[in-house]
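A closer look at the structure
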Amino acid sequence: MARITIIETGRVPQKYRERHGSFPDMFERMVQAEDPNATVDVVSIPNGDALPDPRNLEAVLITGAAAGVYDGLDWIAPLEDFVRTAYANKTPMVGVCFGHQLIAQALGGTVRKSDKGWGIGRHVYRVLPENGVVDGEAVAIAASHQDQVIEPPKDALTILSSDFTPHAGLLYANGATLTVQPHPEFDVEFAEVCCDLRDGKAPDDVVATARASLAEPMDNAKLGGAITRFLAKRAAT
C-alpha cells in the first residue's frame, strides 16, 4: 500500500474549490483510480504547515502553484532544501507543473518564463522509448503554464517532450525522482476552468484553440497510473 505525502504549494481559486476540490483532492482521486488502497497525507504550504523530514516519508508528490519558482517567496528555498534532502535519500518523489520546475531548479536546472507564451489546453507529448516509466509513443494531457524548464539538471533524462515544451517530463538518475509539466490530475472540466482563467491574459486565439482541444481524447489515466506505480514501486524497495 502506497502512502504518499502531497506537498500543496498552491490553492485552487475559492470559487472553483467546492466543485473541483483542492489540488491534493485532485491528486488523491488520480492516485486512487490506479490504487484504491493508497493513502494520502497533505502538507499545505499555503496553510502554514511545516515541511516534514523527507527521510521519514514513504513517497512525496509536489503540486502545481500559481507562483514562479524564481519569485523569491520565503517558502521556496526551504522547499528546495527539502527536495535536495529527498533526492539524496532516494525518497520516491514526483513533481507536477510547479513541482516539476521546483525540483529542476533545486537540482541545478534553469527555469524561466517561456517566450512561447501560455501553454493551455490539450498538449501531446512524445514519449522516450523504453524509459521504464511511461509506455507508448505519446501522451495527451492538459497543460496550464507559462514557465518552463529551459535547461534540465545534468542528472535528468527527458522522457516527455513536445515542440512547445522540450523538457516536459524528466526522470532523474537517482532512480526515485520523476517530474512532469502537464497535469494528469486535471479532468476536462477543470482544464476548461484553466482556459477561462486565461481570458484576457493569453491571446484570444490561444485560448480558443485550447478550449477546442479539450474535446479530443486525453491520457490522464495512463500518465496518472504511471506516476502512482512509480511512487508505490519505489516506496516498496
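Residues numbered from 1 in each chain as written. Predicted model: local features only at pLDDT ≥ 70, side-chain atom pairs only at ≥ 80, totals over all residues. Heavy atoms only, no water.

Under an unreviewed UniProt entry, the name given to the chain is Type 1 glutamine amidotransferase, and the organism recorded is Bradyrhizobium arachidis.

**Focus: the packing of aromatic side chains**
For the coordinates displayed, the defined rule picks out five aromatic pairs. Taking 6.3 Å as the distance between ring centres and 25° as the angle between the ring planes, the aromatic pair formed by Phe23 and Phe186 counts as stacked. Residue Phe23 is found in helix α2 (residues 23–34), and its partner Phe186 is found in the loop between β11 (177–180) and α5 (188–197); the two are separated by 163 residues along the sequence. Taken individually, Phe23 and Phe186 each receive the classification buried, so the pair is uniform in this respect. The interplanar angle of 70° and the centroid separation of 4.8 Å between the aromatic rings of Phe186 and Phe190 together place this pair among those described as edge-to-face. One aromatic cluster in this structure is built from Phe23, Phe186 and Phe190. (Phe/Tyr/Trp six-rings, centres within 6.5 Å; stacked < 30°, edge-to-face > 60°. Helix = DSSP H or I, 4+ residues; strand = E, 2+ residues; numbered from the N terminus. Buried < 20%, exposed > 50% of the residue type's maximum accessible area, 1.4 Å probe, protein only.)

**Let's talk about the sheet that holds strand β2 (residues 39–44)**
Strand order across the open sheet formed by nine strands is β2-β1-β3-β4-β11-β10-β9-β6-β7, with mixed pairing between neighbours. Edge positions in the open sheet fall to β2 and β7 (138–145), since each of these has one partner strand only. Between one strand axis and the next, the sheet turns through 25° on average, direction left out of account. Note that strand β1 (residues 3–8) and β2 share six bridges and pair parallel. By the bridge assignment for β2, Ile6 is matched with Val42. Sitting on the sheet, α2 touches β1, β2, β3 (59–62) and β4 (93–96), and the angle it makes with β1 is about 155°. (Pairing = 2+ DSSP bridges. Axes fitted to C-alpha atoms, helices over the stretch in contact; angles between N-to-C directions. Contact = heavy atoms within 4.5 Å.)

**What about the packing of helix α3 (residues 76–89) against helix α4 (residues 98–106)?**
When two helices pack together, their arrangement is given by the angle between the helix axes and by the axis-to-axis distance. Where α3 contacts α4, the axes come no closer than 9 Å and their chain directions differ by 75°. As judged from the angle between their axes, α3 and α4 are roughly perpendicular. Across the interface between the two elements, Ile76, Leu79, Glu80, Val83 and Arg84 from α3 touch Phe98, Leu102, Ile103, Gln105 and Ala106 from α4. (Parallel < 35°, antiparallel > 145°, perpendicular 65-115°, else oblique.)

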